[in-house]
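Topology and contacts: notes
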Amino acid sequence: MERQPRKLFHFHGGVRLDEHKAESNASPIRPMPLLARYVVPLRQHIGTPARALVCVGDTVLRGQVIGAAEGYVSTAVHAPTSGRVTAIEPRAVPHPSGLYDLAVVIEADGEDRAVDPRPLDWPHMDPSALRNRIREMGLAGLGGAVFPSYIKLNPGAPREGAGAIHTLILNGAECEPWITCDDRLMRERAGEVLQGARIMAHMLGVRRILVGVETNKPEALAALRQAADEVTEIVAVPARYPGGGGKQLTYTLTGVEVPAGGLSTDVGIQVFNVGTAYGLYRAVVQGEPLVSRIVTVTGHVARPGNYEARIGTCIHDLLAAAGGCLEGANGEIVGGPMMGFELMDRDAPVTKAVNCVIVKSPVLFPPKPEALPCFRCGACAQACPVQLQPFEMYWYSRTRDFGKAQAYKLFDCIECGCCSYVCPSHIPLVDFFRFAKSEIWERERENQAADQARARHEFRTFRLEREKQEKAEKFAKAAAAAKAKAAAGDPADPEAAKKKAILDAALARAAKAKEEMAAAGIAPKNVDNLPPRVEKEIAEIETRRARVPHPGQEDPHD
Amino acid sequence: MNGSPFTLLANNSVSAVMLKVMAALIPGIIAHAWFFGPGIWVSLLLCSALGIGLETLALLMRARPLGPALKDGSVLVTAWLLALSLPTLAPWWLYALGMLFAVVVAKHLYGGFGQNPFNPAMVAYAALIVSFPVYMTQWPAPVGVAPHGVGLGEALDLVFAGQGGISPDAYTAATALDTWKTQIRMGKPVADILALPAFGWGGGRAQELVALMYLFGGLLLLANRVITWHIPVAFLSGLALTASLLHAMNPAQHAGPVLHLLSGGAMLGAFFIATDPVSAASTPRGKLIFAGLAGLITVLIRNFGGYPDGVAFAILLMNVAAPFIDAYTQPRVFGHKPGREDRT
Amino acid sequence: MLNAILVMAGIGLALGGILGWAAIRFRVQEDPLVDKIDAILPQTQCGQCGYAGCRPYAEAIAKGEADINLCPPGGEDGIKRLAELLGVDPKPLGEGLESKPKSVAVIDEDACIGCTLCIQACPVDAIVGAAKQMHTILPDQCTGCELCVAPCPVDCIHMEVVKEDLNTWKWRYPIFHMKKVP
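Residues numbered from 1 in each chain as written. Chains lettered and ligands numbered in written order. Predicted model: local features only at pLDDT ≥ 70, side-chain atom pairs only at ≥ 80, totals over all residues. Heavy atoms only, no water.

Some details on the overall build of chain B
For chain B, the count of helices and strands is 16 helices and 0 strands. Its C-alpha radius of gyration of 21 Å places chain B within 12% of the 20 Å reference for a compact globule of 344 residues. The C-alpha extent of chain B, read off along each of the three principal axes, is 65 × 50 × 35 Å. Relative to its 344 residues, chain B shows a buried fraction of 56%. Restricting the contact set of chain B to residue pairs at least 6 apart, pairs at least 24 apart contribute 75%. (Helix = DSSP H or I, 4+ residues; strand = E, 2+ residues; numbered from the N terminus. Rg over C-alpha atoms; globule rule 2.2 N^0.38 Å. Buried < 20%, exposed > 50% of the residue type's maximum accessible area, 1.4 Å probe, protein only. Contact = heavy atoms within 4.5 Å.)

See below:
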């Protein structure tokens, strides 16, 4: 398209990295063969995990909903193939913790039967119904944040002070080294990607679509330009990490800063990853829910490249499809080398968030040198794309002075890793920020729990007080009534007299029995020969009892 | 657990930074040796050896691992800066005391590398000039000006065996700033003063060329992104502006900006000492304020104070203020509104 | 001499007046100390401190009757924050008290006889049930105070340590090799 080149804006900091794209972007996307087993976690998106809809033993079809969206921030999860549910249990998931999470295990029957696709007549559908269908199709941001897409496709109710959404940005920057799944997708399926973008634009009611792609992907740029229409502008942006961060790309393309703590919609812009646009195309035009995604497998493997893997494909299967790890491999990174995390368990499956698996080797990823003290050289501050002062935040995070760390805007940190990358002292700065953030979140959770406990305790105290008062009032009323009766010359209540007589007789019987036993020299035997644990318990109970006053009652053990 | 990023910038380490700083000092050092004789090699080597020894000792006493701290090379930078700030051919114990102050007092008593609130070399310089003002002003005269040139062997003799052989008068001379100060006090006219052998075409004779070589080294640091432009530019501007202003007000009393820029420790201070990141302000605006005021104070001390040069005291004074300056000059974070927000 | 005394006295009075006025004019309305202490306490209401709940303990601290190191659920962090608030030195947890990992009570529902004793013991009403009906504990509301464990006549309540899940998992303190003190 012949247009004036768009004026681009330069965000602060950032770093230039070795791209390592050529390893995996040379060959076309390869489909994965059908596997015998898939593990589909119910938590694959930000928000509430999906609620399992199937039971062990159920048979499912490809594209069948096996987990329903639960609550507002949630989306559905689908069976990747036809087969039988063999377990719903905690399984390894791709997460830095290595913790297990609830997943549906499906044993494939090899037939790969699908539910009937239901393409949607999107240009004529009611917007709300369309969004609900997208929610049921399991769409979530495939760039890595996995935020349920249907929420972001709602043009209504912008926040106070924000205008209507006017621009849709499609993020094809793919700024992390090694990852090429978006590159290959844009090269091979540019038309579908832009078709998805048009559906997004339709839903959001915007008339302008900007597609940001880093200049290091000339083939993708060409393919997109070929497929672009009047409202779509394909923009080559400089390859500078983290230029593909949502807020950074928005700034580069428009010069608008998304307010801190806000969303891009606050400034009338919505951002989606190109993979999400493609997923939306598949869901809406072809009627297929999100059951697969493109994953880059690269690094120290035999056949690096991009694989179209079903959601639930175990990573060891994925690595096997890529020819297996080479000699000397020492672990895998999920995601890119700058923001990804170390894979704890190769049984973990590909989820909607997994865009890349890099097999490490000591040559590709040399061990980090030992950290030295910070000498405030400021390299981190110069590299920070958010213009933070990481060395100050580090100082306070390290000493657990979290209030101060927050005062230096810890929560504006996007954890891009630029600071750690440039630090001459090799301090794991981002690790400290992640640590500080999760500590603050936990403190927040604890405070909320404490507030709740305080409120409940106060209410209980109030309730007990009220009950006591009510009882006292009732008693006073009864006493007053009795008095009134007595005053009226009523004789003693015959019912009460009878009860008292029975009670007295019982007490007398008990006393007599005890006396008799004492006379016969029989002591109760139930406290003889006790194990020390029980004796200790008794002693404890006795001390407790000693504290409780029992007027007019003798201890039977005396 | 170690998280991302999994790659780090190649060939980037503290020792690499320190090596670049030392490399950038070399043009100045060579010029110094060329114009003032080979004595500078003696003091450089002596200070370096003392520095490594004292660093090792301090680390042992603090029960800290030796390897990383010795490898980082920061103690060598301190040693070189001190060697270049102290008069060449001073007795060995002056260097020893200076390094003791720099490494043990100014650095390790405050917690070691990265923790010192003051620039260690400047602390040592200040301590020495207060304690031994006479030794501290006996700078060798430039080769050709001094009646007696000092060779390497003689330099070793002077430093280690005391000054028995020759009188200091034979090889030292008052520096330009010193001369200016004493002559002005004696009421000499400026034109006569500037004609004295202590002065060259702009600053102190030969000193001016050494200063230019420091400037060249500083530009290398800038080009290598070891330092940012803020501190040198602000320091030299603050110095030149203050000097010009005072000079304009009273030319018979105050020297012009060129003399101030090209004599004493101005260039060394601007590029190598004020830029010490540990003790300087660290925000961009903070650096400007920090260094601008340091330049201003330098001229005030030179023109009104009792000491011939003010770079050390000015930088130390501003070191005190650095944390405060930083706190008030935090840059605007992306997505935040301009202006200072309430810091909770 | 007299003049000097008068001048000094005058200055003193004037400055005193300004200070007094400023104290009233710029007075900061602050939460009473008890509220601030109570806000730090974890609200477990377990009574391990020897007081009937968190609030009474907070009151005792405010009055200076109780030490700051009697709250095991608050842990080291809680003591540190109390020390900071009160301007005293932090100290280790009091004798005989130990900090345990966060737990919740769990009722073995097969064994429960529905006696309601635990319901009466629960300080935060986190147990649901009625007489002769099986009881159950709301894990989200349970503070882990253990007060329900002892009253149970059939020993059907035990404490379970809360396991980390993906929602509560935290990044660990980064390993930092610098301070390898022998």
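What follows continues from the structure just given.
Re the confidence of the model for chain C
Residue and element names in this part refer to chain C. On average, residues of chain C score 86 in pLDDT, and 95% of them are at 70 or above. Throughout residues 177-182 the model reports pLDDT below 50, and contacts reaching past four residues in sequence, or to other chains, amount to 11 contacts. If you check the scores for this complex, the pTM reads 0.86 and the ipTM reads 0.90. (pLDDT = per-residue confidence, 0-100.)

Some words on helix α8 (residues 152-160) of chain B
Residues and elements named next belong to chain B. Along α8, the positions that sit buried rather than exposed are A155, L158 and V159. Along the long axis of α8, the arc covered by the buried residues comes to 95 degrees, so they all point the same way. The elements touched by buried residues of α8 are α2 (39-61) and α5 (92-107). In the stretch just after α8, G162 is the one whose phi turns positive, near 80 degrees. (Arc of directions from axis to C-beta.)

A closer look at the interface of chain B and chain A
At the interface, 35 residues of chain B touch 52 residues of chain A. For the pairing of chain B and chain A, the buried interface totals around 3,900 Å² over both sides, and the portion due to carbon and sulfur atoms is 57%. The three residues of chain B that bury the most area against chain A are F6, L8 and F334 of chain B, which together make up 21% of that side's buried surface. Counting across the chain B and chain A interface gives 2 salt bridges. Across the pair R332 of chain B and E257 of chain A runs a salt bridge whose closest N-O atoms are separated by 2.6 Å. (Buried area = accessible area lost by both parts, 1.4 Å probe. Salt bridge = Lys/Arg side-chain N within 4 Å of Asp/Glu carboxyl O.)

Some details on the domain arrangement of chain C
Residues and elements named next belong to chain C. Per the domain assignment, the segments making up chain C are domain 1 (33-86) and domain 2 (101-166). Spacing between the C-alpha centres of domain 1 and domain 2 amounts to 24 Å. Each partner contributes to the interface: domain 1 provides 4 residues, whereas domain 2 provides 6 residues. Interface area lost by domain 1 to domain 2 is led by T44, Q45 and C46, which between them contribute 88%. On inspection of domain 1 and its partner domain 2, the count reaches 0 salt bridges. (Domains from an automatic or database assignment.)

Topic: the domain arrangement of chain B
Residue and element names in this part refer to chain B. Split into domains, chain B comes out as domain 1 (13-173) and domain 2 (198-322). When each unit is reduced to the centre of its C-alpha atoms, the spacing between domain 1 and domain 2 is 20 Å. Between domain 1 and domain 2 the total buried area reaches about 2,400 Å² when both faces are included, carbon and sulfur atoms providing 81% of it. Area buried by domain 1 at its contact with domain 2 is led by A24, N119 and M122, which between them contribute 20% of it. Applying the counting criterion to the domain 1 and domain 2 interface returns 0 salt bridges.

Quick look at unusual backbone geometry
With omega at 0 degrees, the peptide bond leading from Y241 of chain A into P242 of chain A counts as cis. Mapped onto the elements of the fold, P242 of chain A is located in the loop between β11 (232-237) and α7 (246-254). Cis geometry is adopted by the peptide bond preceding P5 of chain B, which originates at S4 of chain B and carries an omega value of -5 degrees. For P5 of chain B, the location among the structural elements is in the segment before α1 (14-36). For R376 of chain A, which is not glycine, the phi torsion reads 55 degrees and is therefore positive.

Concerning the packing of aromatic side chains
Considering all chains together, one arrives at 21 aromatic pairs over all chains under this definition. Taken together, Y394, F402, F432 and F435 of chain A together with Y173 of chain C form an aromatic cluster joined through their ring pairs. When the ring centre of F9 of chain A is taken as reference, the NZ or CZ atom of K7 of chain A above it lies at 4.3 Å. Here the basic side chain of R240 of chain A rests over the ring of F11 of chain A, its NZ or CZ set 4.0 Å away from the ring centre. (Phe/Tyr/Trp six-rings, centres within 6.5 Å; stacked < 30°, edge-to-face > 60°. Lys NZ or Arg CZ within 6 Å of the ring centre and 35° of its normal.)

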